[in-house]
Amino acid sequence: MPHATAADGNRIAYQVRGEGQPLVLLAGQANNHTWWDPVRADFEATYRTITLDWRGTGDSDKPDEVYSTPGFAEDVVAVLDDLGLPAAQVYGTSMGGRVAQWIAINHPDRVNRLVLGCTSPGAKHGYERSQEIRRALADPQRTDSVLLELMYTPAWLAVNPGPHPVLGDPDMPAYAKGRHLVASNRHDAWDGLPSISAPTLILHGTDDIFSPVANAQLLADRIPKARAELIQGARHAYFHEFRAVAGPLVLDFLAH
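All of these numbers come straight from a predicted model, not from anything done at the bench. (Residues numbered from 1 in each chain as written. Predicted model: local features only at pLDDT ≥ 70, side-chain atom pairs only at ≥ 80, totals over all residues. Heavy atoms only, no water.)

## Focus: the nonpolar core
L26, W54, Y91, I103, L114 and Y238 are the most contacted members of the largest nonpolar core, which totals 80 residues. Sequence-distant contacts of L26, that is, excluding residues within four places in its chain, are made with W36, L52, W54, V76, V90, Y91, G92, T93, G96, V99, A100 and I103. (Core = buried A, V, L, I, M, F, W, Y, C linked by side-chain atoms within 4.5 Å. Buried < 20%, exposed > 50% of the residue type's maximum accessible area, 1.4 Å probe, protein only. Contact = heavy atoms within 4.5 Å.)

If you want it as structure tokens, here you go:
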């Protein structure tokens, strides 16, 4: 598996599949590239898809140090550099959407079109999940079951028993999980969002309470060339359960 070397010397594993223009797919917090496995084929028929393992996950280095969403963005740029790509389409979901904001803010020349899914501008200005959900997720005996309910509808789970690749990297060290949580919680791209120049599509499920749906219009109003599309009935993993709706929306947006 190829690795890029970040500015601080850490090695970032990445994966490339498909042919065509480059499309970077960015996973959620404490997850590796397998987050995209259920839907990657929808994009690789048209695009050269690029995923990576965040530092702390998968085959990337796992330093026990401060992580941040701007820092993760620099890791993505290191991958683009390693591939010799001056720019790419960028699609980030959940924490990956927070990281994607920083790529578009700090490296506008590297992003052709931007898709932000089930994400937010950060806690200071965005809408955050309730304390009830936070408490439930903090219970190690309930974490996976709570996450599943936040990700998918009961009807879908009833006929799709899993395994589900959006519940976190099972081999991730505990310290790295903590570092990811802090990085995501400290995200605040509010001041930089008006400077994003890439055309931007924002996707969100109407029933997402993990990252509340109100964040979608907040981002759309803050980013100059952005529009929001809400997917009716979808929860946080809209891109998986509602792939028949979300995939075509993304492909159509990227093609124009």
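## A look at helix 10 (residues 243–254)
For helix 10, with twelve residues, the first-to-last C-alpha span of 16 Å sits near the 16 Å given by 1.5 Å per residue. When helix 10 is considered as a whole, its buried residues turn out to be A246, G247, V250, F253 and L254. The buried side chains of helix 10 occupy one side of the element, clustering within an arc of 135 degrees when seen end-on. (Helix = DSSP H or I, 4+ residues; strand = E, 2+ residues; numbered from the N terminus. Expected span 1.5 Å × (residues − 1). Arc of directions from axis to C-beta.)

## Things to note about the sheet that holds strand 8 (residues 226–231)
Pairing in this open sheet of eight strands is mixed, and the strands run 1-2-4-3-5-6-7-8 from one edge to the other. Edge strands, defined here as strands with exactly one partner in the open sheet, are strand 1 (3–5) and strand 8. The mean inter-strand angle of the sheet, taken between neighbouring strand axes irrespective of direction, is 25 degrees. Taken together, the three bridges between strand 1 and strand 2 (residues 11–17) define a ladder with antiparallel strand orientation. The partner of H3 across the bridge, within strand 2, is A13. (Pairing = 2+ DSSP bridges. Axes fitted to C-alpha atoms, helices over the stretch in contact; angles between N-to-C directions.)

## What about the pairing of strand 4 (residues 47–52)?
Along strand 4, five of the six residues are buried, which leaves the element largely enclosed by surrounding structure. Strand direction decides the pairing type here: strand 2 and strand 4, joined by four bridges, are antiparallel. Residue pairing in the sheet places V16 in a bridge with I50 of strand 4. One ladder, built from four bridges, connects strand 3 (residues 21–26) with strand 4; its direction is parallel. Looking at the pairing, L23 lines up with T49 of strand 4.

## A short note on the side chain of H240
Relative to the helices and strands, H240 is located in helix 9 (residues 238–241). With near-sequence residues (within four places) excluded, H240 lies in contact with P38, V39, Y152 and W156.

## Side note on the environment of K225
Summarising the element assignment, K225 is placed in the loop between helix 8 (214–222) and strand 8. Expressed as a C-alpha distance, the spacing of K225 and L201, which sit 24 residues apart in the sequence, is 8.6 Å. Those residues in contact with K225 that sit more than four places away from it in its chain are S197, A198, P199 and T200.

## Quick word on helix 5 (residues 143–151)
Taken together, the buried positions of helix 5 are occupied by V146, L147, L150 and M151. The buried residues of helix 5 all sit within an arc of 130 degrees when viewed along its axis, so they share a single face. Contact partners of the buried residues in helix 5: helix 4 (131–137) and helix 9.

## A word on the pattern of salt bridges
The final tally for this structure, using the stated rule, is ten salt bridges. A salt bridge links R55 to D75, with the shortest nitrogen-to-oxygen separation between them at 2.8 Å. Here the residue R55 occupies a position in the loop between strand 4 and helix 2 (69–82), and D75 occupies one in helix 2, the gap between them amounting to 20 residues. Each member of the pair, R55 together with D75, is buried. (Salt bridge = Lys/Arg side-chain N within 4 Å of Asp/Glu carboxyl O.)

## Comments concerning unusual backbone geometry
Cis rather than trans, the peptide bond between G162 and P163 has omega equal to 10 degrees. Looking at where P163 falls in the secondary structure, it is placed in the loop between helix 6 (154–159) and helix 7 (174–185). The phi dihedral of A30 falls on the positive side, at around 60 degrees, and the residue is not glycine. A30 gets classed as buried once you look at its relative accessible area, which sits at 12%. A positive phi angle, near 40 degrees, is found at C118, a position not held by glycine.

## What about the packing of helix 2 against helix 3 (residues 95–106)?
Packing of helix 2 against helix 3 brings their axes to within 8 Å, and their N-to-C directions diverge by 75 degrees. As the angle between them shows, helix 2 and helix 3 are arranged roughly perpendicular. Contacts from T69, P70, F72, A73, V76 and V77 in helix 2 reach M95, R98, V99, W102 and I103 in helix 3. Tallied by class, residues from the contact of helix 2 with helix 3 come to nine nonpolar, one polar and one charged. (Parallel < 35°, antiparallel > 145°, perpendicular 65-115°, else oblique. Nonpolar A, V, L, I, M, F, W, Y, C, P; charged D, E, K, R; others polar.)

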